[in-house]
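Listed here are the chains, written in short residue letters.
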Amino acid sequence: MLSNKEIEEMHIAFDFSRQYTVARVPKEYKDAENFALECVYSLRPYIANKLNIDCTAVIMVAISKNNKVVVLCDNSKYRNWLWNYFHKPSVGSAQFYDDIEPKLIIKRLDELFPE
């Protein structure tokens with residue numbers, strides 16, 4: 001797990017303007033699963049603390065510099081919504097995307113969470 005200091009030193013761009021958080025991580029990863037293990041799972045408690053919510057309420061799309069994407073949320077409804085479009089299975093509370101344009105994932109989630 002990354003510490004809060006390590007997370008802050010990464011200069012991650014967080015977008016809290018939606019009902020879910022978008023985290024743009026300025027680092028490349030081998031694949032989305034490694035991205036999740038090395039970084040994304042550490043972001044969840046960090047975001048929960050920033051938003052003053054329970055970790056299980058965090059819905060996040062994390063995007064690496066080389067466009068590896070991890071969607072992390074406990075509610076299977078949202079993961080199932082994405083399954084209908086991209087056919088990527090969930091592993092626990094995460095879905096890993098190595099070859100899907102991040103904008104497409106965000107577009108689909110925006111449909112699920114209209115403003």
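Residues numbered from 1 in each chain as written. Predicted model: local features only at pLDDT ≥ 70, side-chain atom pairs only at ≥ 80, totals over all residues. Heavy atoms only, no water.

A.B. asks: Teacher, can you tell me more about the sheet that holds strand 2 (residues 21-25) here?
C.D. replies: The pairing of strands in a sheet comes from backbone hydrogen bonds and takes either a parallel or an antiparallel form. Sheet architecture is open: 6 strands sit in the order 1-2-3-4-6-5, paired in mixed fashion. Each edge of the sheet is formed by a strand with only one pairing partner; in this case those strands are strand 1 (13-15) and strand 5 (90-91). Bridge analysis of strand 2 against strand 3 (residues 60-64) gives 5 bridges, and the strand direction is parallel. By the bridge assignment, Val22 is partnered in strand 3 with Val61. Of the strands in this sheet, strand 4 (69-72), strand 5 and strand 6 (94-97) are in contact with helix 3 (residues 76-86), which crosses strand 6 at around 25°. (Pairing = 2+ DSSP bridges. Helix = DSSP H or I, 4+ residues; strand = E, 2+ residues; numbered from the N terminus. Contact = heavy atoms within 4.5 Å. Axes fitted to C-alpha atoms, helices over the stretch in contact; angles between N-to-C directions.)

A.B. asks: How do you make sense of the packing of aromatic side chains when you look at a structure like this?
C.D. replies: Where two aromatic rings form a pair, the distance of their centres and the angle of their planes describe that pair. All chains considered together, the criterion is met by 8 aromatic pairs. On the numbers, 4.9 Å between centres and 45° between planes, the contact of Tyr78 with Phe113 is tilted. Of this pair, Tyr78 sits in helix 3 while Phe113 sits in the segment after helix 4 (102-112), and the two are 35 residues apart along the sequence. As far as the burial class goes, Tyr78 and Phe113 line up, both buried. (Phe/Tyr/Trp six-rings, centres within 6.5 Å; stacked < 30°, edge-to-face > 60°. Buried < 20%, exposed > 50% of the residue type's maximum accessible area, 1.4 Å probe, protein only.)

The analysis is restricted to geometry; functional conclusions fall outside its scope.
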